[in-house]
Amino acid sequence: MNIGTLPGAKDARRFSLALAGLGATLISPLFWALTIDYSYLHRTGLIMWIVMIIGLIAAGMAARRDRRARTRVIAVMTGTWVLCLVAGYVFFTRLPPPSEVGPIDRVARLPLSDHLGQQVSLDALLHESAVLLTFYRGYW
Amino acid sequence: MERGNLPFPILADEERSITREFGLLHRGGGPGGSDIALPAQVLIDTNRQVRWQYVADHIQNRLSAEQVLERVRFALANGSK
């Protein structure tokens, strides 16, 4: 019998596994933020979900074998956090619908300046060609 | 602009007036409860018609550049007056 196979040692490893699982779910949203330049990954949050599921499984597996309270608490914390993340991702990222567009003729004459403070006329741009306006919301 | 040598202007809508005229104002959605624009693209042709627009329903649902270009090309190629 060596120290690695003592009952306490196995439980200690399972507790560590549960903690690792919790840790993985805690940092999983970072992976969503980090994939901001990769359209598909960012829209779906794919890497975040993968890391989260791995963490959840790890914590769950650990709690199944190690019946001590401390490991179960970690597993419950993990599960609760995952539920919060899912709710947040689905509900708190929602945006209100847009309202009616005003008459373009009027909008085109509104004053606009560029990043150098120079006046830009949407009216003038529209004389040349079609214009694609991108509203870049630089915030959550 | 200095870094990227962009062929298009980056505009500042400080009063949010353009944003409001396009119906894209998200009241209280910005930092500290300020008003901010919804993430959106609007394609206007030379006849001042809105030919295509996209408005995000969730903050993470933004189109890639390729997707936008595809839709713009399609919109401009079809329904020309």
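Data block above holds the structure.
Residues numbered from 1 in each chain as written. Chains lettered and ligands numbered in written order. Predicted model: local features only at pLDDT ≥ 70, side-chain atom pairs only at ≥ 80, totals over all residues. Heavy atoms only, no water.

J.: Could you give an account of the overall build of chain B, with specific residues and numbers?
T.: The helix and strand inventory of chain B stands at two helices and five strands. Ordered by position from the N terminus, the helices and strands of chain B form the series β-α-β-β-β-β-α. Taking 12 Å as the expected radius of gyration for a compact globule of 81 residues, we find that chain B reaches 15 Å, considerably beyond that expectation. Once the C-alpha set of chain B is aligned to its principal axes, its extents read approximately 45 × 30 × 25 Å. The proportion of buried residues among the 81 residues of chain B is 41%. (Helix = DSSP H or I, 4+ residues; strand = E, 2+ residues; numbered from the N terminus. Rg over C-alpha atoms; globule rule 2.2 N^0.38 Å. Buried < 20%, exposed > 50% of the residue type's maximum accessible area, 1.4 Å probe, protein only.)

J.: Break down unusual backbone geometry for me, citing the residues and quoting the values.
T.: Residue and element names in this part refer to chain B. With phi around 60°, R16 is a residue other than glycine that occupies positive phi space. Within the secondary structure layout, R16 lies in the loop between strand 1 (11-12) and helix 1 (17-21). One non-glycine residue, R48, adopts positive backbone phi at about 65°. Mapped onto the secondary structure, R48 falls in the loop between strand 4 (40-44) and strand 5 (50-55). With a relative accessible area of 15%, R48 lands in the buried category.

J.: Outline the sheet that holds strand 1 (residues 112-114) of chain A, listing residues and values.
T.: Sheet architecture is open: three strands sit in the order 2(A)-1(A)-1(B), paired in antiparallel fashion. Edge positions in the open sheet fall to strand 2 (119-120) of chain A together with strand 1 of chain B, since each of these has one partner strand only. Note that strand 1 of chain A and strand 2 of chain A share two bridges and pair antiparallel. Its bridge partner lying in strand 2 of chain A, S113(A) is registered against Q119(A). (Pairing = 2+ DSSP bridges.)

J.: Give a description of the interface of chain B and chain A that names residues and reports values.
T.: A common way to express how large an interface is: the accessible area buried when the components associate. Of the residues lining the interface, 46 residues belong to chain B; the matching set on chain A comes to 41 residues. Between chain B and chain A, the buried area comes to about 4,100 Å², and carbon and sulfur atoms account for 64% of it. On inspection of chain B and its partner chain A, the count reaches three salt bridges. Across the pair E21(B) and R106(A) runs a salt bridge, and its minimum N-O distance is 3.1 Å. Summed over the shared surface of chain B and chain A, the result is 18 residue pairs in polar contact (both at pLDDT 80 or more). Secondary-structure elements contributing two or more residues to the side of chain B that touches chain A are strand 1, helix 1, strand 3 (36-37), strand 4, strand 5 and helix 2 (65-77) of chain B. If you tally residues by element for the side of chain B that touches chain A, the top one is strand 4 of chain B, at five residues. For the side of chain B that touches chain A, the per-class residue count stands at 25 nonpolar, 14 polar and seven charged. Bridging between strand 3 (residues 131-135) of chain A and strand 4 of chain B involves five bridges; their strand directions are antiparallel. If you follow L133(A) over to strand 4 of chain B, its bridge partner there is V42(B). (Contact = heavy atoms within 4.5 Å. Buried area = accessible area lost by both parts, 1.4 Å probe. Salt bridge = Lys/Arg side-chain N within 4 Å of Asp/Glu carboxyl O. Polar contact = N/O pair within 3.5 Å; in protein donor to acceptor, adjacent residues only side chain to side chain. Nonpolar A, V, L, I, M, F, W, Y, C, P; charged D, E, K, R; others polar.)

J.: I'd like to hear about the packing of aromatic side chains, residue by residue, with values.
T.: Residues and elements named next belong to chain A. Here the structure, examined in full by the defined rule, presents three aromatic pairs over all chains. Aromatic pair W32 and Y89: ring centres 5.5 Å apart, planes at 70°, arrangement edge-to-face. Placement of the pair is W32 in helix 1 (residues 7-34) and Y89 in helix 4 (residues 69-91), with a sequence separation of 57 residues. Across the pair, exposure class does not vary: W32 and Y89 are buried alike. Aromatic side chains W49 and Y89 sit 5.0 Å apart centroid to centroid with 80° between the ring planes, which places their arrangement in the edge-to-face category. (Phe/Tyr/Trp six-rings, centres within 6.5 Å; stacked < 30°, edge-to-face > 60°.)

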